[in-house]
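# Chains, contacts and geometry: an overview
Residue strings, one per chain:
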Amino acid sequence: VLHLALAQCDGGTEVVGCCSSTLCAGWTPWGCGHWGLMAVRPDMQGRGIASALAAAAEAWLAASACPRLESPTSMTCRGHVPQARLAAAGCHSVQIEYEYLGDAYSDRLFLWYESSAGFHCSQGKPRAGCHQFRRCRKRLEPAPGEKGSAAASLPRVLPLCQLM
């Protein structure tokens, strides 16, 4: 799903940010959704748009049914699986990945993902000056009454923006 942040600009509506969310990414563990491809227009950064997009993606994942088969050993997301064998099992966590290069931009990503956004990386804090691929996760908490509801409505991103 592509989440869009829209803002009124110069008398019209413009896309100022986006984020994707995926229920069954091939590189995440069982029951773990994924969000990524986060982008916010540079002149709109620092206004909470990325945080709101991440919250919207996580709310959608928590409210949706993660596809899974009756047995984790027979799980496949890309194969041809009869729908009758799929069971609703709400996503319990979300994963993100990023490259840490030891520069100011990487430090900014680290602080946002692993502090503000609440993700935990099992590798601990990155070492200064080191290049590191970081895979981080956090637990999702669905809103009351939304767990397993694939048809749950998406929340608004910000008063400034709307989620499409």
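Below you will find a few notes about this structure.

Basis of the calculations
- Residues numbered from 1 in each chain as written.
- Predicted model: local features only at pLDDT ≥ 70, side-chain atom pairs only at ≥ 80, totals over all residues.
- Heavy atoms only, no water.
- Phe/Tyr/Trp six-rings, centres within 6.5 Å; stacked < 30°, edge-to-face > 60°.
- Helix = DSSP H or I, 4+ residues; strand = E, 2+ residues; numbered from the N terminus.
- Buried < 20%, exposed > 50% of the residue type's maximum accessible area, 1.4 Å probe, protein only.
- Lys NZ or Arg CZ within 6 Å of the ring centre and 35° of its normal.

## Quick word on the packing of aromatic side chains
The description of an aromatic ring pair rests on the distance of the ring centres and on the angle between the ring planes. On inspection of all chains with the given rule, the structure shows six aromatic pairs. With a centroid separation of 6.0 Å and 40 degrees between ring planes, the pair formed by Trp35 and Tyr113 is classed as tilted. Of the two residues, Trp35 is situated in strand 3 (residues 32–40) and Tyr113 in helix 2 (residues 104–116); the sequence distance between them amounts to 78 residues. Using a relative accessible area of 1% as the deciding quantity, one classes Trp35 as buried. Its relative accessible area of 10% is what places Tyr113 among the buried residues. Seen from their ring centres, Trp35 and Phe119 are 5.6 Å apart, and the 70 degrees between their planes marks the pair as edge-to-face. Separated by 84 residues along the polypeptide, Trp35 in strand 3 and Phe119 in the loop between helix 2 and strand 7 (120–121) bring together distant segments of the chain. Among the aromatic residues, those joined into a ring-pair cluster are Trp35, Tyr98, Trp112, Tyr113 and Phe119. For Lys138, the ring lying beneath its charged end belongs to Phe119, and the centroid distance is 5.2 Å.

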